[in-house]
Amino acid sequence: MTAEEVVATMHIGELADRSQMSLRTIRHYDEVGLLKPSGRTEGGFRLYTERDFTRLLLIRRMKPLGFTLEAMGGLLRVIDALEAAAPGQDVTDTRAELNGFIEEAARRRAKLEEQLGMADEFLALLRAR
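Computed from a predicted structure; not experimentally measured.

(A) The overall build of the chain, seen in detail. When helices and strands are counted, the chain shows six helices and two strands. In terms of overall dimensions, the chain is more spread out than a globule: its C-alpha atoms have a radius of gyration of 19 Å, far above the 14 Å expected for 129 residues. Considered along the principal axes of its C-alpha atoms, the chain spans approximately 65 × 40 × 25 Å. Out of the 129 residues belonging to the chain, those deemed buried represent 27%. When contacts within the chain are restricted to residue pairs at least 6 apart in sequence, those whose partners lie at least 24 apart make up 50%. Within the chain, the 21 negative side-chain charges are centred at a point lying 7 Å from the centre of the 19 positive side-chain charges.

(B) Up close: the UniProt feature "domain: HTH merR-type" (unreviewed entry) in the chain. UniProt marks residues 9–78 with the feature "domain: HTH merR-type" (unreviewed entry), using the numbering shown here. End-to-end, the C-alpha atoms of residues 9–78 are 25 Å apart, and along that stretch the chain is 57% helix and 6% strand.

(C) Looking closely at helix α4 (residues 50–62). Counted at 1.5 Å a residue, the expected span for α4 with its 13 residues is 18 Å, and the 19 Å between its end C-alpha atoms agrees. Among all positions in α4, only Asp52, Phe53, Arg55, Leu56, Leu57, Ile59 and Met62 are buried. Looking at the packing, one finds that the buried side of α4 touches α2 (12–19), α3 (23–31), β2 (46–47) and α5 (69–84).

(D) Region of interest: the nonpolar core. Ranked by internal contacts, the top residues of the largest apolar core, which has 23 residues, are Leu15, Ile26, Tyr29, Leu35, Tyr48, Leu56 and Ile59. For this core, the secondary-structure elements that each account for two or more residues are α2, α3, α4, α5 and α6 (92–127). When residues no more than four places from it in sequence are discounted, the contact partners of Ile26 are Ile12, Leu15, Ala16, Ser19, Met21, Leu35, Tyr48 and Leu56.

(E) A look at the confidence of the model for the chain. For the chain, the mean per-residue pLDDT works out to 94, and 95% of the residues sit at or above 70. The lowest-confidence element of the chain is helix α1 (residues 3–7), averaging 54 in pLDDT; the highest-confidence one is α6, averaging 97.

(F) Quick peek at unusual backbone geometry. Of note, the phi angle at Gln20 is positive, near 60°, even though the residue is not glycine. Relative to the elements of secondary structure, Gln20 occurs in the loop between α2 and α3.

(G) View of the packing of aromatic side chains. Per the counting criterion, the structure on display carries zero aromatic pairs. It is Arg108 that lies over the ring of Phe67; its NZ or CZ is 4.2 Å from the centre.

Thresholds, definitions, all that
Residues numbered from 1 in each chain as written. Predicted model: local features only at pLDDT ≥ 70, side-chain atom pairs only at ≥ 80, totals over all residues. Heavy atoms only, no water. Helix = DSSP H or I, 4+ residues; strand = E, 2+ residues; numbered from the N terminus. Rg over C-alpha atoms; globule rule 2.2 N^0.38 Å. Buried < 20%, exposed > 50% of the residue type's maximum accessible area, 1.4 Å probe, protein only. Contact = heavy atoms within 4.5 Å. Lys, Arg positive; Asp, Glu negative; His and termini not counted. Charge placed at Lys NZ, Arg CZ, Asp CG, Glu CD. UniProt positions renumbered as here; feature names shortened; annotations may be inferred. Expected span 1.5 Å × (residues − 1). Core = buried A, V, L, I, M, F, W, Y, C linked by side-chain atoms within 4.5 Å. pLDDT = per-residue confidence, 0-100. Phe/Tyr/Trp six-rings, centres within 6.5 Å; stacked < 30°, edge-to-face > 60°. Lys NZ or Arg CZ within 6 Å of the ring centre and 35° of its normal.

The following block contains the structure:
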């Protein structure tokens, strides 16, 4: 962590409040490697940065689309690789992987939209009675 990030850290409780996720879920994401804390206090408490918060929100947004933990990890590795790439480095394969995730997310979103339409029709039928 940079000196600036150390000052701007938050404990897991604040991260949970800000992300509207449970402590248990955040700890689980740590255990499975999706969201490692950027640091720890001398007492061993997890410390998170704004970057960690942004990463957690990305994970949270994947969940309603039905992505598995493995798929979430795959996407996070792709994003990390793109962010770590040196200027001019060939990221064609990594970018192709990202495009695959985008296509899959769009497909899943369309399916949810279809289901939402069916739910609206169902509610309309019930209300008409």
